[in-house]
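Survey of secondary and tertiary structure
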Amino acid sequence: MRILLSNDDGYFAPGLERLAAELAPLADITVVAPERDRSGASNSLTLDRPLTVRRAANGFLFVNGTPTDCVHLAVTGLLDELPDMVISGINFGANMGDDTIYSGTVAAATEGYLLGIPSLAVSLTSKVGRHFATAAAVVAELLQHHRERPLDKWLLNVNVPDLALADIRGYRVTRLGRRHKAESVIKTETPRGEICYWVGAAGPAADAGEGTDFHAIESGLVSITPLQIDLTHRSEMARVAAWMDQRVGVNQ
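Here is a short report on the structure shown in this document. (Residues numbered from 1 in each chain as written. Predicted model: local features only at pLDDT ≥ 70, side-chain atom pairs only at ≥ 80, totals over all residues. Heavy atoms only, no water.)

Here we come to the environment of A202. Its place among the elements puts A202 in the loop between β11 (195-198) and β12 (205-207). Along the backbone, A202 and T225 are 23 residues apart, and their C-alpha atoms lie at a distance of 20 Å. (Helix = DSSP H or I, 4+ residues; strand = E, 2+ residues; numbered from the N terminus.)

The structure is reproduced here in structure tokens:
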């Protein structure tokens, strides 16, 4: 089995290294990751300049672009054979609820999915990062299960509590929760007297009830959320059509 690994924390990130080591006995692993931290890059593609691919001392390939660039390059020409799966992570910090819109980790997996490959985004849900080994073991178990019972093409967002493996209480298939509005930007001044801004922190959980990814993590469970790409708000289509029918002075 051929697996493409990527992330948004950069090719030097400990979560990526731990994941590659865990999966190496199970599959043929290729790593193509950004040359630096690209957290929050979302699904952006670099179209205004050429991209370069270099090889690190540990064999990982790194790209001067976004997580999406990495997977796109790998799948559409860099690799001699298509991967059977794309796995993005292990991210240093959670990707739950509204985070998934901005997440480069989820974006790398999404690109694999859009290119027709089963894809998985995996995150360790703390900024302490004590138990990357737990998240890596979870991915290995999901991989083995997929090999035994293939689920066809899917896009899964997996969040793992930062706990020892023995303390994980199980798995829960969840929906995305929601966060409160993000905190305000932080205004500051550079040493040269220029005004600059830091984007504020994400808001706390708002919709975190039973069934959400937030609730699963708080309960010590691995959260697995199936994602889709269709952004059409289907339940609003009839209401918007009726609103359009009310236009005044427009020929029908």
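Additional details are given in the paragraphs that follow.
This part covers helix α1 (residues 14-23). Note: α-helices contain 3.6 residues per turn, so residues at a spacing of three or four share the same orientation. Burial in α1 covers these residues: G15, L16, L19, A20 and L23. On an axial view of α1, the arc spanned by its buried residues comes to 130 degrees, and they lie on one face. Elements that come into contact with the buried residues of α1 comprise β1 (2-6), β2 (28-34), β5 (85-92), β6 (119-124) and α5 (132-148). (Buried < 20%, exposed > 50% of the residue type's maximum accessible area, 1.4 Å probe, protein only. Arc of directions from axis to C-beta. Contact = heavy atoms within 4.5 Å.)

A word on the packing of α1 against α5. Look at α1 against α5: their axes get within 9 Å of each other, and the N-to-C directions meet at 40 degrees. By the criterion of interaxial angle, the relationship of α1 to α5 is oblique. The two elements α1 and α5 cross, and the hand of that crossing is right-handed. Residues P14, G15, R18, L19, E22 and L23 of α1 lie in contact with α5, whose contacting residues are F132, A133, A136, A137, V139, A140 and L143. Residues that form the contact of α1 with α5 fall into these classes: 10 nonpolar, 1 polar and 2 charged. (Axes fitted to C-alpha atoms, helices over the stretch in contact; angles between N-to-C directions. Parallel < 35°, antiparallel > 145°, perpendicular 65-115°, else oblique. Left-handed = near helix turned anticlockwise from the far one by under 90°. Nonpolar A, V, L, I, M, F, W, Y, C, P; charged D, E, K, R; others polar.)

Turning next to the sheet that holds strand β4 (residues 61-63). The mixed open sheet is built from 9 strands, whose spatial order is β3-β4-β2-β1-β5-β6-β7-β13-β8. In the strand order of this sheet, the two ends are held by β3 (53-55) and β8 (171-173), each with one partner. With strand direction ignored, the average angle separating the axes of adjacent strands in the sheet is 25 degrees. Two elements, β1 and β2, share 4 bridges in a ladder whose sense is parallel. Its bridge partner lying in β2, R2 is registered against D28. Against the sheet, α5 touches β1, β5, β6, β7 (155-160), β8 and β13 (222-226), its axis set at about 165 degrees to β5. (Pairing = 2+ DSSP bridges.)

Ranked by internal contacts, the top residues of the largest apolar core, which has 31 residues, are L5, L19, L23, I87, V122 and V158. Not counting residues within four places of it along the chain, the set of residues in contact with I87 comprises I3, L4, L5, S6, L19, L23, L120, V122 and V139. (Core = buried A, V, L, I, M, F, W, Y, C linked by side-chain atoms within 4.5 Å.)

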